[in-house]
Amino acid sequence: MPEVLKIKNLHQTFERGTVNENRVLRGIDLNLEAGDFVTIIGSNGAGKSTLLNSIAGTLPIQEGQIILNDTDITKLPVTKRAKNISRVFQDPKMGTAVRLTVEENLALAMKRGQRRGFRPGVKKQDRKFFKKQLAQLNLNLENRLETEIGLLSGGQRQAITLLMATLQRPDLILLDEHTAALDPQTSITVMQLTEKLISEQHLTAFMVTHNMEDAIRYGNRLIMLHQGRVAIDLAGEDKQNLTVPKLMELFQKHVGAGLEDDAILLA
Ligand SMILES: Nc1ncnc2c1ncn2[C@@H]1O[C@H](COP(=O)(O)OP(=O)(O)O)[C@@H](O)[C@H]1O
Ligand SMILES: [Mg+2]
C-alpha cells in the first residue's frame with residue numbers, strides 16, 4: 001500500500017519560553033497508508049486537535065515534517081492544502097454557510113481549494129448530482145435543496161458537512177469529534193454515514209473521538225496520544241480484538257499509571 005501521509009518528529013509547544021510553556025506534541029511519528037481509517041483517543045488536552053491542526057495547516061509547524069503523497073507540505077499554507085485535505089469539526093455550524101441553501105453549500109464544496117465567490121450559482125446538472133448524493137444519506141434531504149441550511153438540525157447539517165467534505169475526493173479527511181455535539185441516536189446515524197463514505201471512496205482518515213467504543217468499533221487502526229506522544233498504536237487483529245477494558249489495561253501497562261475511564265469519556 002502506498003503511503004499517503006508521513007508525519008516525522010512533529011513537535012508543537014505553546015507559549016514557548018514562558019512559565020506557561022506547554023509542550024503539547026513531543027515527537028510524533030506516524031505513517032498512514034492509503035485507506036487507513038485511524039481513530040485517535042486521548043484525554044482532554046492531549047493534543048489531538050493540535051495534531052489535526054498541524055496537518056491541516058491552521059497551526060504552523062514548529063519542528064518536524066509533514067508529507068502528503070510525496071509532497072512536503074510542512075510549510076504550505078492552509079488554503080493550498082484544502083484541495084487535498086478536508087475537515088469536519090465538532091460544531092455543525094463550522095462546516096456549512098448558514099445563510100446559503102443546501103445546494104449552494106454543496107456547490108461551494110465542489111470548489112474546495114479553489115477561488116470561490118460568496119454565493120455560488122447552481123447549474124441544472126449539478127442539482128441532479130446533488131440530489132443523488134443527498135438521497136444516499138437517507139435523511140430526506142434530497143427534497144430540501146433550496147432550504148437555507150441554518151434551518152436544518154445539527155445532525156442534518158453534520159451529515160451534509162460530511163458529504164461536502166467528500167464530494168471532491170480528498171487525499172485525507174480529518175474528523176475532530178464530529179459527533180460529540182449530537183444526541184446519541186443522531187451520532188450513530190452520522191457515524192454510519194462516516195464509515196460508508198470512507199469505505200466507498202477508500203479514503204484515508206483520522207477521526208478524533210472521546211468515545212472509546214466508537215474508537216474501537218470504527219476504523220482499522222487506533223492511536224492513543226498521551227503526554228505529547230503516541231502511547232498506543234494498534235492495527236489489524238490487535239485492533240479488532242480490542243475491548244474497552246483491554247484498552248485500559250494496555251494503557252496501564254504502557255504508561256505505568258491507571259487510566260481514569262472518565263479522563264477520556266468526559267473529555
Ligand atoms: N493555539 C493555541 N495556543 C495556546 N495553547 C493551545 C492552542 N491550541 C491548543 N492549546 C493547548 O494545547 C493543549 C492541547 O490542546 P488540544 O490539542 O486542543 O487538545 P485535545 O484536542 O486533545 O483536547 C491544551 O492544553 C490547550 O490549551
Ligand atoms: Mg480537541
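Residues numbered from 1 in each chain as written. Chains lettered and ligands numbered in written order. Predicted model: local features only at pLDDT ≥ 70, side-chain atom pairs only at ≥ 80, totals over all residues. Heavy atoms only, no water.

J.: Just checking my understanding: could you explain the packing of aromatic side chains for this structure?
T.: The geometry of an aromatic ring pair is captured by the separation of the ring centres together with the interplanar angle, meaning the angle of the planes. All chains considered together, the criterion is met by one aromatic pair. Ring plane angle 50° and centroid distance 6.2 Å describe the contact between Phe129 and Phe130, whose orientation is recorded as tilted. Overall, Phe130 belongs to the buried group, its relative accessible area being 0%. (Phe/Tyr/Trp six-rings, centres within 6.5 Å; stacked < 30°, edge-to-face > 60°. Buried < 20%, exposed > 50% of the residue type's maximum accessible area, 1.4 Å probe, protein only.)

J.: Teacher, can you tell me more about the environment of Thr186 here?
T.: Among the structural elements, Thr186 can be located in helix α6 (residues 184–200). When its relative accessible area of 21% is taken as the criterion, Thr186 is described as partly exposed. Once the C-alpha coordinates of Thr186 and Gly154 are considered, the two residues, 32 residues apart in sequence, prove to be 8.8 Å apart. (Helix = DSSP H or I, 4+ residues; strand = E, 2+ residues; numbered from the N terminus.)

J.: Whenever I open this one, the pairing of strand β6 (residues 85–88) confuses me. Can you help?
T.: On any regular strand, side chains alternate: one points to one face of the sheet, the next to the other face. Here β6 shows a buried face lined by Ile85 and Arg87 and a second buried face lined by Ser86 and Val88. Strand direction decides the pairing type here: β6 and strand β7 (residues 172–176), joined by four bridges, are parallel. Looking at β7, one finds that Ile85 is bridged to Leu172. (Pairing = 2+ DSSP bridges.)

J.: Could you clarify how one ought to interpret the site of ligand 1 in this entry?
T.: Near ligand 1 you find Phe14, Asn22, Val24, Ser43, Asn44, Gly45, Ala46, Gly47, Lys48, Ser49 and Thr50, and these make up its full shell. One of the side-chain nitrogen or oxygen atoms of Asn44 is found 3.4 Å away from an oxygen atom of ligand 1. Here Thr50 contributes a side-chain N or O atom positioned 2.5 Å from an oxygen atom of ligand 1. With the chains in place, 60% of the 560 Å² that ligand 1 exposes on its own is no longer accessible. (Near = heavy atom within 4 Å. Polar contact = N/O pair within 3.5 Å; in protein donor to acceptor, adjacent residues only side chain to side chain. Areas by Shrake-Rupley, 256 points an atom, 1.4 Å probe, with all protein chains shown as cover.)

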